[in-house]
Amino acid sequence: DSGVTQTPKHLITATGQRVTLRCSPRSGDLSVYWYQQSLDQGLQFLIQYYNGEERAKGNILERFSAQQFPDLHSELNLSSLELGDSALYFCASSVVDSSYEQYFGPGTRLTVT
Amino acid sequence: GIQVEQSPPDLILQEGANSTLRCNFSDSVNNLQWFHQNPWGQLINLFYIPSGTKQNGRLSATTVATERYSLLYISSSQTTDSGVYFCAVPSGAGSYQLTFGKGTKLSVIP
């Protein structure tokens, strides 16, 4: 158990819908990262937050957004869902915004039908 | 951005055999992590190894940062070692998000 929690574990929804994925980092970790794992693109970085502020953006679609709350949990919002958004979404956390070890949550498996 | 290549892409082993997985990266890094993704999809931290050698039970890892590669050794493999092994490094100078290789899929058969 990495100490990073993600909910829900599985999500099945229809095209055009909106979903919210939730992540709680390890106790004491200030930095949260979101990654997407799809069959064709592999594991890709989406976005990073550090202590409530957006720190870096990767290959994140405009239909996707995220935020980190004062209690440091983070939410990833996916809207206008398409079949191609079906993937495993991971959240990771690290102590600070630096080159420290990242610990990954169990992931949320999203299926868009 | 930085490129990460892993080899071999697939590996089938008899239980009890040893193996070496390789990770090459295209630029200097100050962080490297190895992960095991089990058949249920969970990403499990194996090593945080920017340089040098570390051991954890039957697994060990070596990173030679000056030559831009890392090796993961699995000895006396067990069926529970099956899954995909990923290495990951920071995406670039001043970046802390990780760039992953495509992984090595390991199948250990009884």
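Residues numbered from 1 in each chain as written. Chains lettered and ligands numbered in written order. Predicted model: local features only at pLDDT ≥ 70, side-chain atom pairs only at ≥ 80, totals over all residues. Heavy atoms only, no water.

1. Side note on the sheet that holds strand E8 (residues 69-74) of chain B
All names here are of chain B. Test applied: In short, DSSP must find at least two bridges between two strands for them to pair. Strands here mean DSSP runs of E at least two residues long; helices mean DSSP runs of H or I at least four residues long; both are numbered from the N terminus. Here the axes come from fitting lines to C-alpha atoms, over the contacting stretch only for helices, and the angles between their N-to-C directions go from 0 to 180 degrees.
Read across the sheet, five strands follow the order E1-E3-E8-E7-E6 without closing on themselves; strand pairing throughout is antiparallel. A single partner strand is all that each edge strand has here, and the edge strands are strand E1 (4-7) and strand E6 (52-56). For this sheet, the mean inter-axis angle between neighbouring strands, taken without regard to orientation, is 15 degrees. Across six bridges, the pairing between strand E3 (residues 19-25) and E8 is antiparallel. The residue of E8 that forms the bridge with leucine 21 is leucine 72.

2. A word on the pattern of salt bridges
Residues and elements named next belong to chain A. The test is simple: Within this document, salt bridges are pairs made up of a side-chain nitrogen of Lys or Arg and a carboxyl oxygen of Asp or Glu, the two lying within 4 Å of each other.
Applying the stated criterion across every chain, the model contains four salt bridges over all chains. The shortest N-O distance in the salt bridge between aspartate 29 and arginine 26 comes to 2.8 Å. Residues participating in the shared-partner salt-bridge network are Arg63, Glu82 and Asp85.

3. Some words on the interface of chain A and chain B
Rules: Note on contacts: a residue pair qualifies if any of its non-hydrogen atoms lie within 4.5 Å across the two residues. When two parts are brought into contact, each loses some accessible area as probed by a 1.4 Å sphere; the total of that loss over both is the buried area. Whenever two N or O atoms come within 3.5 Å, that pair is a polar contact, provided that in protein one can donate a hydrogen and the other can accept it, and provided that, for residues adjacent in sequence, both atoms are side-chain atoms.
The partner chain B presents 17 residues to the 19 residues of chain A that form the contact. Of the roughly 1500 Å² buried between chain A and chain B, counting both surfaces, carbon and sulfur atoms make up 54%. Viewed at the interface, chain B and chain A are joined by zero salt bridges. Remark: the boundary between chain A and chain B carries six residue pairs in polar contact (both at pLDDT 80 or more).

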